[in-house]
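Results of the structural survey
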Amino acid sequence: MEGHQVRALYDFTGEPETAELSIVAGEVLTVMRDNVGDGWCEGFNQSGKSGLFPAAYVQLIEASAPVSSSMTASQQSSGDYWDDDWDDDSEVGQTQAYVPVTQQQQPQQQPFHIGQSNNPDSGNSIPIHTIHSVIPERPISNVPKKNNKFSTLIKSGEDSFLLGVRVANVPENEKLFIEETDDGRCAWVPTGEPYSCVVTSPKKESKLKGLKSFIVYQLTPTFNNIQVSRRYKHFDWLHERLEEKYCFIPIPPLPDKQISGRYEEQFIEHRRTQLQEFVDYVCRHPVLSRSRVWDHFMTCTDEKRWKAGKRQAEKDELLGVNYFNAIQCMDAPLDGIKVEIQTDAFSRFINGLDPVVKNFMAMAVDQAKKHQVLYKREFQKISQSFASLGHALEGDDSNHRRLTHALKATGDAYNDIGRLYEEQPKFDWEPLADKFHIYRGIISNFPDVISIHKSAVQKRKDCERLVAEHKMESQQLRDLSHRTDIIARALMAEETHFQCERDIHINQAMKTHLQEQISFYQKIVNKLQEALNAYDD
């Protein structure tokens, strides 16, 4: 497979001083190795530069359809990321993304086999033997991304913060406050009144005389009831800003990107509900809900202020570890050993929860697909069998019209049940999968947040050794310990928020799911009861 050409679907910026190759949407690359692993390819661009790039960011170029130089040039000069000249939603393309083929991986067009997980995140270590997918086609999901938190960590300089070398000037409206509860926990102090934001009215729009199409969603926050229009690419930009700014907060994920079927009514509505889950989580978070970039995204309606706010957010220096300067908390020192034990316990909890949540989400997605295809088809078969039996009995000259009518009614009942199965997932399984898509992303990001704390603790231990060797002043160690405690308190505050989410919102999601399930099976019972009533006692 070496030597074939692919076209970049999206921009990708490689990490400096690594083997990653930066690519631009539209450029042609030549693949040297397609089995590097973890969704990465190795290749070189037209300038001769070589390196690694994500396989899901490119698509295979058919030999019979060479790429025109004019098209490539126009795609490369797409302009400012935020401007409307930019391509639609970062999901351009009409063919499937290039997927490298190895001995362990079958081509994507092959049918899905029983016992194989259709969750790309499940990994070989988490086999899902009880899930049997009936849908061979799936969208691109969980594209390999740079670790934004650690990139920001390196750029911001954790050592500079801990040693007090870089002290940022924090505006009053950027300050964050942590309090300690009666049971000894740390928690974010909410500021302002709680609010929500509704994502509604997705509609297809176009520009350049219909050459480019995109979906626009309307956002309406409850505190002003002023509607703003946002596209998926705007959400994507916001997500990057939040990840850069808040290295100590796991940012909820956006819906997965998809190349085909983006304008189908069912897909558009499902994406709206997924974006609503993302917005709901941000609105509930005591820090994210008060973020300036989030407020700008949610409220700005003027084009000039919109672009000015976008550029201001991109030039924001209060990012990553540097933002720990904005956290205001108690000066009392923490018990280092107690904090370390608590952090290790939480880390083990997250590591154990991660594969289980991924498995659970895969199950919910699979149940939705089965309801819409497999179960519906099975009940249609049952319906046809009863209808055929009733039709065959009509040939008898004896007077059994009531029986044949009842058999047809039974067939109709099973056919109606099949339609109920087809419609039901949007009420129970899909909302549950969307909810756990959010928590799966948060849980996957928690190890990065924990690692920031562990790195700070290790730095403090190194400095304690320097003080013992009289190579560092005791006051410097006390200042460093205070800043390490700030990082620890931020982690514990985020842990408290996650526990609140689990106890309230996941609990409510489960209750809603079971209520919908009960309603669904009651409808089935009613259909069967109607069929039973058609028979003569």
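See the structure above.
What comes next concerns the included structure. Per chain, residue numbering runs from 1 following the sequence as it is written. It should be noted that, the model being predicted, local features are given only for residues of pLDDT at least 70 and side-chain atom pairs only at 80 or more, the latter also being counted only at that level, while totals for whole chains, interfaces and linings use all residues. Here the side-chain values reflect all heavy atoms present in the structure, with hydrogen atoms and water set aside.

Observations regarding the overall build of the protein
Basically, it comes down to this: Secondary structure elements are taken from DSSP: a helix is a run of H or I of four residues or more, a strand is a run of E of two residues or more, and numbering for both begins at the N terminus. Burial classes: relative accessible area under 20% of the type maximum marks a residue as buried, over 50% as exposed, and values in between as partly exposed (1.4 Å probe, protein chains only). Here a residue-residue contact requires only that any non-hydrogen atoms of the pair lie within 4.5 Å. Only the protein chains shown count as cover for residues, and the accessible areas themselves come from Shrake-Rupley with a 1.4 Å probe.
In terms of helices and strands, the protein carries 11 helices and 11 strands. Residue burial in the protein is summarised as follows: out of 537 residues, 47% are buried. In the protein, 73% of the contacts between residues at least 6 apart in sequence involve partners at least 24 apart. Carbon together with sulfur atoms contributes 50% to the accessible area of the protein, which is approximately 27,800 Å² in total.

A look at the pattern of salt bridges
Just so we agree on the cut-off: Whenever a carboxyl oxygen of Asp or Glu lies within 4 Å of a side-chain nitrogen of Lys or Arg, that contact is scored as a salt bridge.
For the structure shown, the criterion picks out 28 salt bridges. The shortest N-O distance in the salt bridge between D462 and R465 comes to 3.5 Å. Of this pair, D462 and R465 both sit in helix 10 (residues 429-468), three residues apart, which is roughly one turn of the helix. By sharing partners, the salt bridges in this structure join E174, K245, R292 and D316 into a single network.

Digging into the packing of aromatic side chains
Selection criterion: Stacked, edge-to-face and tilted labels apply to pairs of Phe, Tyr and Trp rings (six-membered ring for Trp) whose centres lie within 6.5 Å, assigned for plane angles under 30 degrees, over 60, and everything in between, in that order.
Taken as a whole and judged by the stated rule, the model has 24 aromatic pairs. Aromatic pair F386 and Y414: ring centres 5.4 Å apart, planes at 15°, arrangement stacked. You can see F386 sitting in helix 8 (residues 336-393) and its partner Y414 sitting in helix 9 (residues 401-423), a full 28 residues away along the chain. Residue F386 is classed as partly exposed on the basis of its relative accessible area, which comes to 28%.

Describing the environment of I268
One can find I268 in helix 5 (residues 265-284). I268 gets classed as buried once you look at its relative accessible area, which sits at 12%. For the pair formed by I268 and K203, sequence separation is 65 residues and the distance between their alpha carbons is 8.5 Å.

Considerations on helix 4 (residues 232-245)
Cut-off, in case you're wondering: Helix span, as expected, comes to 1.5 Å for every residue beyond the first.
Taking 1.5 Å per residue as the helical rise, helix 4 with its 14 residues ought to reach 20 Å, and the 20 Å between its terminal C-alpha atoms agrees with that figure. Across the 14 residues of helix 4, 12 count as buried, placing the element largely inside the fold. Of all the positions in helix 4, only Y232, K233, H234, F235, D236, W237, L238, H239, R241, L242, E243 and K245 are classed as buried.

Here's the deal with helix 6 (residues 292-299)
Turning to helix 6, its buried residues are V293, W294, H296, F297 and M298. Tucked into the core, helix 6 has its buried residues touching strand 8 (197-207), strand 9 (212-221), strand 10 (228-231), helix 4, helix 5 and helix 7 (303-314).

With respect to the pairing of strand 10
How we decide: Note: two strands are recorded as paired if DSSP finds a minimum of 2 bridges between them.
The pairing of strand 9 with strand 10 spans four bridges and is antiparallel. Within strand 10, the residue paired with L219 across the bridge is V228. Hairpin connection of strand 9 to strand 10: six residues between the antiparallel strands, including N225 at a positive phi of 55°.

A short note on the sheet that holds strand 11 (residues 327-328)
Spelled out, the test is: Between the N-to-C directions of two axes lies an angle of 0 to 180 degrees, each axis being a line fitted to C-alpha atoms and, for a helix, fitted only over the stretch in contact.
As summarised here, the arrangement of the three strands in space is 7-6-11, forming an open sheet in which the pairing is mixed. Strands at the two margins of the open sheet, each flanked by one partner only, are strand 7 (186-188) and strand 11. Relative to strand 7, helix 11 (residues 474-533) is tilted by about 75°, and along the sheet it contacts strand 6 (176-180), strand 7 and strand 11.

Some words on unusual backbone geometry
One non-glycine residue, N225, adopts positive backbone phi at about 55°. Mapping N225 onto the fold places it in the loop between strand 9 and strand 10. In this structure, H470 takes a positive phi of about 60° despite not being glycine. Locating H470 in the fold gives a position in the loop between helix 10 and helix 11. Overall, the relative accessible area of 74% leaves H470 in the exposed class.

Here's the deal with the sheet that holds strand 8
The sheet built from three strands is open, its strands ordered 8-9-10 with antiparallel pairing. A strand with exactly one partner marks an edge of an open sheet, and here the two such strands are strand 8 and strand 10. With strand direction ignored, the average angle separating the axes of adjacent strands in the sheet is 35°. Here helix 6 sits on the sheet in contact with strand 8, strand 9 and strand 10, set at roughly 110° to strand 10.

Observations regarding the nonpolar core
Applicable threshold: Definition of nonpolar core: a set of buried residues of the types Ala, Val, Leu, Ile, Met, Phe, Trp, Tyr and Cys, connected through side-chain atoms within 4.5 Å.
Ranked by internal contacts, the top residues of the largest apolar core, which has 80 residues, are W188, Y246, F248, F278, W294, F324 and I327. Considering every element that reaches this core, the biggest residue donor is helix 10, with 15 residues. If we skip the residues at most four places from it in the chain, F278 touches F235, L238, H239, L242, P252, P253, L254 and I438. Grouped together as the second largest cluster of nonpolar side chains are 15 residues, V6, L9, V31 and A55 included.

Some words on the side chain of R272
Within the fold, R272 resides in helix 5. The buried category is assigned to R272, whose relative accessible area is 17%. Once you skip the residues sitting within four places of it in the chain, R272 turns out to touch V199, T200, P202 and Y217.

Everything listed here is a matter of geometry and, on its own, says nothing about what the molecule does.
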